[in-house]
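Okay, here's what each chain looks like letter by letter:
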Amino acid sequence: MTGVPASAANGSSPADSSPAGPAASDRQTGAKSPRGGKLAAAAVNQASVWNVANLLTMLRLLLVPGFVALMLADGGYDPAWRSLAWAAFAIAMITDLFDGHLARTYDLVTDFGKIADPIADKAIMGAALICLSSLGDLPWWVTIVILGRELGITLLRFLVIRYGVIPASRGGKLKTLTQGVAVGMYVLALTGWLATLRFWVMAAAVVLTVATGLDYVRQAIVLRRQGIAERKAALEETEA
């Protein structure tokens, strides 16, 4: 007999052998239980939704009803109200440029942002086009072409997402910029040569809208064919 407790000889302490031992040991070492870790992770993920990129997206969504109210105020033809509506539209377009850049640069991409960002983009542009057409400032066919293209390409992206992602092209970015400038010029109560200029800017936007839409359809077809071919090859290799 050496007088050394058996628990010490086995490399454990009395606290470990008692029912409260592990919990006490965890408190002493600062370790967290699995349940606590999951709760902490959930809290971090929940908090990450409230980042600056998502806040800009939410601001853009909130600007939509405000823009419509300003656009249609006093019959929709008052230059002062139209100027305020243009300011709201311009803020929305500017935040659209910044929120995506911030999310990618500072790793602020969230599931909420992936869903809300394109919705906010379509909402403000759709609201502006529908208001302009309802007021008679823009032909309805222009609104139908632009919105039809945007909704169609969004649906197409979802249909081929199993095969891959269609990246945003330079033409698509130029289209978005041209659309924003053209619609912004129509929101303002312009006259003279500026009214003529906005017609040609909108014409360029429509051409880019159709051209880039057709290019996205081509990319989707190619992506789908490649995905089917790769799956077929993988299946044949597995069977072999």
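Going by the structure above, here's the rest.
A. View of helix 7 (residues 111-134). When the terminal C-alpha atoms of helix 7 are compared, their 35 Å separation across 24 residues agrees well with the 34 Å that a helix rising 1.5 Å per residue should span. Once helix 7 ends, the next one or two residues include Gly136, with phi positive near 85°.

B. Representation of the nonpolar core within the structure. With 31 residues, the main nonpolar core has Phe67, Met71, Phe89, Val183 and Met202 as its most contacted residues. Only helix 5 (52-72), helix 6 (79-105), helix 7, helix 8 (140-159), helix 9 (170-187) and helix 10 (193-239) provide two or more residues apiece to this core. Here this core takes seven residues from helix 7, the largest share from any one element. Core analysis: the next-biggest nonpolar cluster, separate from the first, contains eight residues, Leu156, Tyr216, Ala220 and Leu223 among them.

C. Spatial organisation of the packing of aromatic side chains. Following the criterion strictly, the structure yields two aromatic pairs and no others. With centroids separated by 6.0 Å and ring planes inclined at 45°, the aromatic side chains of Phe67 and Phe89 adopt a geometry described as tilted. Pair noted here: Phe67 is in helix 5 and Phe89 is in helix 6, with a separation of 22 residues, a long-range link. With a relative accessible area of 0%, Phe67 lands in the buried category. Taking relative accessible area as the criterion, Phe89 reaches 2% and is therefore assigned buried. For the ring pair Phe199 and Trp200, a centre distance of 5.1 Å and an interplane angle of 80° mean the geometry is edge-to-face. The cationic tip of Arg198 hangs over the ring face of Tyr186; the distance from NZ or CZ to the ring centre is 4.6 Å.

D. A look at the packing of helix 7 against helix 8. Direction vectors running N to C along helix 7 and helix 8 enclose 160°, while the axes themselves pass 9 Å from each other. Overall, the two elements helix 7 and helix 8 adopt an arrangement that is roughly antiparallel. Seen along the crossing, helix 7 lies across helix 8 with a hand that is left-handed. Contacts between helix 7 and helix 8 involve Lys122, Gly126, Leu129, Ile130, Ser133 and Ser134 from the former and Trp140, Thr143, Ile146, Leu147, Glu150 and Thr154 from the latter. Within the contact of helix 7 with helix 8, the residues separate by chemical class into five nonpolar, five polar and two charged.

E. Examining the environment of Gly171 more closely. Assignment of secondary structure puts Gly171 in helix 9. Residue class for Gly171 comes out partly exposed when judged on its relative accessible area of 27%. The spatial distance from the C-alpha of Gly171 to the C-alpha of Thr212 is 6.2 Å, given a sequence separation of 41 residues.

F. View of unusual backbone geometry. You will see that Asp74, though not glycine, has its phi angle at about 55°, which is positive. Along the polypeptide, Asp74 turns up in the loop between helix 5 and helix 6. Of the residues examined, Asp74 reaches a relative accessible area of 58% and is grouped as exposed.

G. Quick peek at the side chain of Thr57. Within the secondary structure layout, Thr57 lies in helix 5. Residue classification places Thr57 among the buried residues on the basis of a relative accessible area of 3%. Residues within four places of Thr57 in sequence aside, it is in contact with Asp99, Ala116, Asp117 and Ala120.

Conventions and cut-offs
Residues numbered from 1 in each chain as written. Predicted model: local features only at pLDDT ≥ 70, side-chain atom pairs only at ≥ 80, totals over all residues. Heavy atoms only, no water. Helix = DSSP H or I, 4+ residues; strand = E, 2+ residues; numbered from the N terminus. Expected span 1.5 Å × (residues − 1). Core = buried A, V, L, I, M, F, W, Y, C linked by side-chain atoms within 4.5 Å. Buried < 20%, exposed > 50% of the residue type's maximum accessible area, 1.4 Å probe, protein only. Phe/Tyr/Trp six-rings, centres within 6.5 Å; stacked < 30°, edge-to-face > 60°. Lys NZ or Arg CZ within 6 Å of the ring centre and 35° of its normal. Axes fitted to C-alpha atoms, helices over the stretch in contact; angles between N-to-C directions. Parallel < 35°, antiparallel > 145°, perpendicular 65-115°, else oblique. Left-handed = near helix turned anticlockwise from the far one by under 90°. Contact = heavy atoms within 4.5 Å. Nonpolar A, V, L, I, M, F, W, Y, C, P; charged D, E, K, R; others polar.

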